[in-house]
Amino acid sequence: MTTLFIADLHLSPGRPEVTEAFIAFLQQRAAGAGALYILGDLFEAWIGDDDPSALASRVTAALRELTEAGTQLAFQHGNRDFLVGKRFAEATGATLLGDEAVVQLDGRPVLLMHGDSLCLDDVAYQRFRRKVRNPAIKWLLAHLPLSKRLQIAARWRAGSKAANRNKPESIMDVTPQEVVRLMDRYRVQTLIHGHTHRPATHRVKLSAGAGERWVLGDWGPEAWAIVASQGKLDLQHWPIHS
Ligand SMILES: [Mn+2]
């Protein structure tokens, strides 16, 4: 059985071709797969499961179709869609994963992460992350009126764009020591993550030997997925037609 991993689609009404490519992915490549793991930032913004947008309901329905046909679906939060909650999970048939999830893949443990928590050199972002991921703040956010949450989400996106423009390239990538620390801690030889938009496979030197870090790519102008089958991983990409 095939297992698929994707991340960083950043679906938004402004890029309908990416949404179309995702729906086509679900109906063609993912159809018949054993499991699909979405490792965060499926959405460019998610202000709560009560979002009445056409995009939210279209994507929810397409995911529901996949799970009803028998494919397991698991969702991990990204920094953009960390407010995805139980209602979305129930509506799509997805399981919500923790920020550091170990799953068995053809008999070996694999650590799954979105990847933002690995970028420790970005001190300003980590401070922001601690603030908004605090359960009390998340609870407060979830109980604000929709219009207020839309405003806050727009302000965060603008702020993050402005801040990232002035950051050196290196601090936007993962901190290598943090990768080793977590892979050692969970005793895994494989880590799959997204977030950095730097699709690649890296060798990692671990206490117990050699490991591999697989990085997913963000969608548009190309789509990216890791396809796991019979113990082998394959990082694939294909064009998105606008
Ligand atoms: Mn991200």
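It should be noted that the structure appears before, not after, this text.
So, here is what we can say about the structure in this document. (Residues numbered from 1 in each chain as written. Predicted model: local features only at pLDDT ≥ 70, side-chain atom pairs only at ≥ 80, totals over all residues.)

Some words on the overall build of the protein chain
Item 1. Summing up its helical and strand segments, the protein chain has 7 helices and 11 strands in all.
Item 2. Burial analysis of the protein chain (242 residues in total) assigns 34% to the buried set.
Item 3. Of all intrachain contacts in the protein chain linking residues separated by at least 6 positions in sequence, the fraction that spans at least 24 positions is 68%. (Helix = DSSP H or I, 4+ residues; strand = E, 2+ residues; numbered from the N terminus. Buried ≥ 20, exposed ≤ 12 C-beta atoms within 10 Å, placed from the backbone. Contact = placed C-beta atoms within 7 Å.)

Concerning unusual backbone geometry
The phi torsion of most residues other than glycine is negative, and most of the peptide bonds are trans.
Item 1. Omega for the peptide link from Gly-220 to Pro-221 comes to 0 degrees, which places this bond in the cis form.
Item 2. The topology assignment puts Pro-221 in the loop between strand E9 (209-215) and strand E10 (222-229).
Item 3. Unlike most non-glycine residues, Asp-106 shows phi in positive territory, near 45 degrees.
Item 4. Overall, Asp-106 belongs to the partly exposed group, with 13 C-beta atoms counted inside 10 Å.
Item 5. At His-197, a position not held by glycine, the phi torsion is positive, near 60 degrees.
Item 6. Relative to the elements of secondary structure, His-197 occurs in the loop between strand E7 (190-193) and strand E8 (200-206).
Item 7. Note on His-197: 18 C-beta atoms within 10 Å, which makes it partly exposed.

Digging into the sheet that holds E10
Item 1. Ordered in space as E4-E3-E2-E1-E10-E11, the 6 strands form an open sheet in which the pairing is mixed. The open sheet terminates on both sides in strands that have one partner only, identified here as strand E4 (94-96) and strand E11 (232-239). Taken pair by pair, the neighbouring strands of this sheet meet at an average axis angle of 25 degrees, ignoring direction. (Pairing = 2+ DSSP bridges. Axes fitted to C-alpha atoms, helices over the stretch in contact; angles between N-to-C directions.)

Some words on the sheet that holds E9
In sheet architecture, strand pairing relies on hydrogen bonds along the backbone and comes in two forms, parallel and antiparallel.
Item 1. In spatial order, the strands read E5-E6-E7-E9-E8; together these 5 strands make up an open sheet with mixed pairing. With one partner strand each, in any of the chains shown, strand E5 (101-105) and E8 form the two edges of the open sheet. The mean angle between the axes of side-by-side strands here comes to 30 degrees, regardless of whether they run parallel or antiparallel.
Item 2. Two elements, E5 and strand E6 (residues 108-113), share 5 bridges in a ladder whose sense is antiparallel. Residue pairing in the sheet places Val-103 in a bridge with Val-110 of E6.
Item 3. Strands E6, E7, E8 and E9 of the sheet are contacted by helix H7 (residues 176-185), whose axis makes an angle of about 70 degrees with E8.

Remarks on the nonpolar core
Item 1. Among the nonpolar cores identified, the biggest contains 55 residues, and Phe-5 and Ile-6 are the most heavily contacted of them.
Item 2. Excluding residues that lie within four positions of it along the chain, Ile-6 makes contacts with Ile-38, Leu-216, Trp-224 and Ala-225. (Core = buried A, V, L, I, M, F, W, Y, C linked by C-beta atoms within 7 Å.)

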